[in-house]
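Read off the chains here:
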Amino acid sequence: MIKVLLVDDSAIVRAMVSQVMENDGRFCLVGTAENGSKAITQNEILKPDLIVMDINMPIMDGIEASKRILEKSHPAIIAYTTEDSADIAFKCLEAGALEVIKKPNLSLMSSEEIKKFCDRLAVIAEKHTAGQASSSKKIQVKKSSVKTETETERKKDDYDILFIGASTGGPSAIQTVLKGLGENFPLPILVTQHIDTGFDLQFTKWLSATTDLPVSLAENGIRPKAGHVYVAAADHHLVLQRRRGSDEFTLLLNDDPPLHFLKPAVDKMFVSAALCCKNRALALLLTGMGRDGADGCLAIKREGGFTICQSEKTCVVYGMPRAAVECGAASLVADLEQIADLIKGKVR
């Protein structure tokens, strides 16, 4: 079972989340704390696998507590908070938290929604614990599924747009890639990150403040500019469309139903990339649960575009990249720290 330390200054929230975890069966709640200072002490004594950490608390907030805990130990930390604290919540990722999620209103959630909340916690904790216990198994991509520059005979400027898709663990991974790309990147960048409603704008602001690229929420009708990052808004698919009779692209916030129960969905964006850019699409699929993005990667690859999937050992959750690799949709698999340099090598 996953040993959990729950940190929240609300006794009511602690009681409700504790009950949900006990009912789930995968978690063993070893302790609770009402502030960051007590969380540090409890962590030293109880040695949990997972810490669910609130952000705004008296005495010591979740950001400082996460920093201090991770200086001496290595539990998985998931920050959860309300929308009004989302502006500082993403700083928890810089402190070492693996994910930021919206604090659930358990009294209004259905049993299916509660299960999804628990699944999210369990998958992250189990992957993190396994990674701490042993080195992850390396995934080999079949040689036939990898095209080198010689095989494709591509010029370095033969791409129109960089498309990035991610889910669980994605915010930090996306930040790492964008930091590595640096300023003056020669292509527009479109990002679809599975994100809770109300957190999209704060996520965008955090990326803009911590990278050298201008980052904004995507808007209808915008013509994407080189070196600019456009992030899909929560509850809308971000797709690319080509203006009729021209080579110009515009962005569209698509209000189609969820795909894979997700909105925005990476596959929606990637498939539009394949249709509009053909062999000039460059796509990156990062950490995340499920298989969203795999079909889109396959569509891009079939059109002659290039797809990069994050390696298992550097993923918080190796779900989406795994699905793409297993269906032969990955042109290349790479560790997170290598991806930015690989991309720059292909476009500069």
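Computed from a prediction, not measured in an experiment: that's the story for all the values here.

A. Representation of unusual backbone geometry within the structure. Residue P264 is bonded to the preceding K263 through a cis peptide linkage, with omega at 10°. If you check the backbone angles, K47 has positive phi at about 50° while not being a glycine. Relative to the elements of secondary structure, K47 occurs in the loop between α2 (36-46) and β3 (50-54). Residue classification places K47 among the exposed positions, given a relative accessible area of 57%. One non-glycine residue, H260, lies in positive phi territory at about 60°. With respect to the helices and strands, the residue H260 is situated in the loop between β11 (249-254) and α10 (266-277). Taking relative accessible area as the criterion, H260 reaches 30% and is therefore assigned partly exposed.

B. Representation of the packing of α10 against helix α11 (residues 294-302) within the structure. In contact at an axis separation of 7 Å, α10 and α11 are set at 10° when each is read in the N-to-C sense. With respect to α11, the axis of α10 lies roughly parallel. Taking contact as the criterion, the partners of D267, F270, V271, A273 and A274 in α10 are, on α11, A294, D295, G296, C297, A299 and I300. Class assignment of the residues belonging to the contact of α10 with α11 gives a composition of eight nonpolar, one polar and two charged.

Rules behind the numbers
- Residues numbered from 1 in each chain as written.
- Predicted model: local features only at pLDDT ≥ 70, side-chain atom pairs only at ≥ 80, totals over all residues.
- Heavy atoms only, no water.
- Helix = DSSP H or I, 4+ residues; strand = E, 2+ residues; numbered from the N terminus.
- Buried < 20%, exposed > 50% of the residue type's maximum accessible area, 1.4 Å probe, protein only.
- Axes fitted to C-alpha atoms, helices over the stretch in contact; angles between N-to-C directions.
- Parallel < 35°, antiparallel > 145°, perpendicular 65-115°, else oblique.
- Contact = heavy atoms within 4.5 Å.
- Nonpolar A, V, L, I, M, F, W, Y, C, P; charged D, E, K, R; others polar.

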